[in-house]
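# Descriptive analysis of the structure
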Amino acid sequence: MVRPSVAIVDYGAGNLFSAARALEEVGASVSVTDRPSLSTDGVLIPGVGAFASAMEGLRSVSAARMVEERLAGGRSVLGICLGLQVMFDSGVENDVTTRGLVQWPGTVESLGVTPLPHMGWNTVERDASSRMFAGISPNERFYFVHSYGVLEDNFDRTPPFSAPLIGWTEHAGRRFISAVEDGPLWATQFHPEKSGRAGLRLLSNWVDSL
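Cut-offs applied
- Residues numbered from 1 in each chain as written.
- Predicted model: local features only at pLDDT ≥ 70, side-chain atom pairs only at ≥ 80, totals over all residues.
- Heavy atoms only, no water.
- Pairing = 2+ DSSP bridges.
- Helix = DSSP H or I, 4+ residues; strand = E, 2+ residues; numbered from the N terminus.
- Contact = heavy atoms within 4.5 Å.
- Axes fitted to C-alpha atoms, helices over the stretch in contact; angles between N-to-C directions.
- UniProt positions renumbered as here; feature names shortened; annotations may be inferred.
- Buried < 20%, exposed > 50% of the residue type's maximum accessible area, 1.4 Å probe, protein only.
- Expected span 1.5 Å × (residues − 1).
- Salt bridge = Lys/Arg side-chain N within 4 Å of Asp/Glu carboxyl O.

All right, on to the sheet that holds strand S6 (residues 96–99) then. Pairing in this open sheet of 4 strands is mixed, and the strands run S6-S5-S7-S10 from one edge to the other. Looking at strand neighbours, the two that pair on one side only are S6 and strand S10 (148–149), the edges of this open sheet. With 2 bridges joining them, strand S7 (residues 104–110) and S10 adopt antiparallel strand pairing. Bridging across to S10, Glu109 finds its partner in Gly149. Its contacts with the sheet put helix H2 (residues 51–60) on strand S5 (88–93), S6 and S7, and the angle it makes with S6 is roughly 30 degrees.

Below, the discussion takes up the UniProt feature "active site" (unreviewed entry) in the chain. Sequence positions flagged by UniProt for "active site" (unreviewed entry) are, in local numbering, Cys81, His191 and Glu193. Across 113 residues in sequence, these annotated residues keep their C-alpha atoms within 10.9 Å of one another, forming a single compact spot. Among the structural elements, His191 can be located in the loop between strand S13 (185–188) and helix H5 (196–209). Since its relative accessible area comes to 1%, His191 is described here as buried.

What follows covers H5. At 3.6 residues per turn, the α-helix brings residues three or four places apart onto the same side. Helix length check: H5 (14 residues) gives 20 Å between terminal C-alpha atoms against 20 Å at 1.5 Å per residue, within 8%. Considered for burial, the residues of H5 that qualify are Ala198, Gly199, Leu202, Leu203, Ser204, Asn205, Trp206 and Val207. Buried residues along H5 sit in contact with strand S1 (5–9), helix H1 (16–25), strand S3 (42–45), strand S4 (76–80), strand S9 (141–146) and S13.

Turning next to the sheet that holds strand S2 (residues 29–33). If you trace the 7 strands from one edge of the open sheet to the other, you get S2-S1-S3-S4-S13-S12-S11, paired in mixed fashion. On the outer flanks of this sheet lie S2 and strand S11 (165–171), each paired with one strand and no other. Along the sheet, successive strands turn relative to each other by an average axial angle of 20 degrees, direction set aside. Pairing of S3 with S4, which is carried by 4 bridges, proceeds in the parallel orientation. Among the inter-strand pairings, Val43 is bridged to a residue of S4, identified as Val77.

All right, on to the pattern of salt bridges then. This structure, assessed with the given rule, holds 4 salt bridges. One salt bridge connects Arg175 with Glu125, and the closest N-O pair in it is separated by 2.8 Å. One end of the pair, Arg175, is in strand S12 (residues 174–182); the other, Glu125, is in the loop between strand S8 (118–123) and S9, and 50 residues separate them in sequence. In this structure Arg175 comes out as buried when scored by relative accessible area, which is 17%. A relative accessible area of 47% places Glu125 in the partly exposed class. Linking Asp153 and Arg174 is a salt bridge whose minimum nitrogen-to-oxygen distance equals 2.9 Å. Of the two residues, Asp153 is situated in the loop between S10 and S11 and Arg174 in strand S12; the sequence distance between them amounts to 21 residues. Accessibility expressed as a relative area gives 47% for Asp153, which makes it partly exposed. Residues joined by salt bridges that share partners form a network here, namely Glu125, Glu152 and Arg175.

Structure follows, in structure tokens:
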């Protein structure tokens, strides 16, 4: 049986090798590279750290253009943590706004609560029809570590895009987007590679979709 090929983009900001191990465990053939081929079955955009530096890194390895080309051709992309955040219009850190990959409307900003960062295990409220969460109990917890996100408050409780399936999580009374499933583009604010069996099942669902 041929294992689906997955390229993890190395752009200087990421949890590369724990993600690689998790993907190999669920049946993918994984490479870590700064120049993924368009023919690769799936591409993972990882990331921890600052929005602005992540965008600078993505552009330095032409990953921003690669994501556009893959999605235009219906080729799968998965974003994790900062890899979810950069898919939105922009990010604001220390009063500086940085343009993102503009795949989805919305602004990434501080969660604005105490305590920060949001670190540890939390649940995800999502649609029952989600392929990303297929076979995963609604009560399962996933591992988060972040201080920024896309807040529900910005959308007046109704996000201005209807096609994607959106998952929500609450921390200290603020709800934020924690997962998006939008055709070939999937992304999570949490770290599935650090989330035990539930995280492996989610990654397996993605690899099976390739």
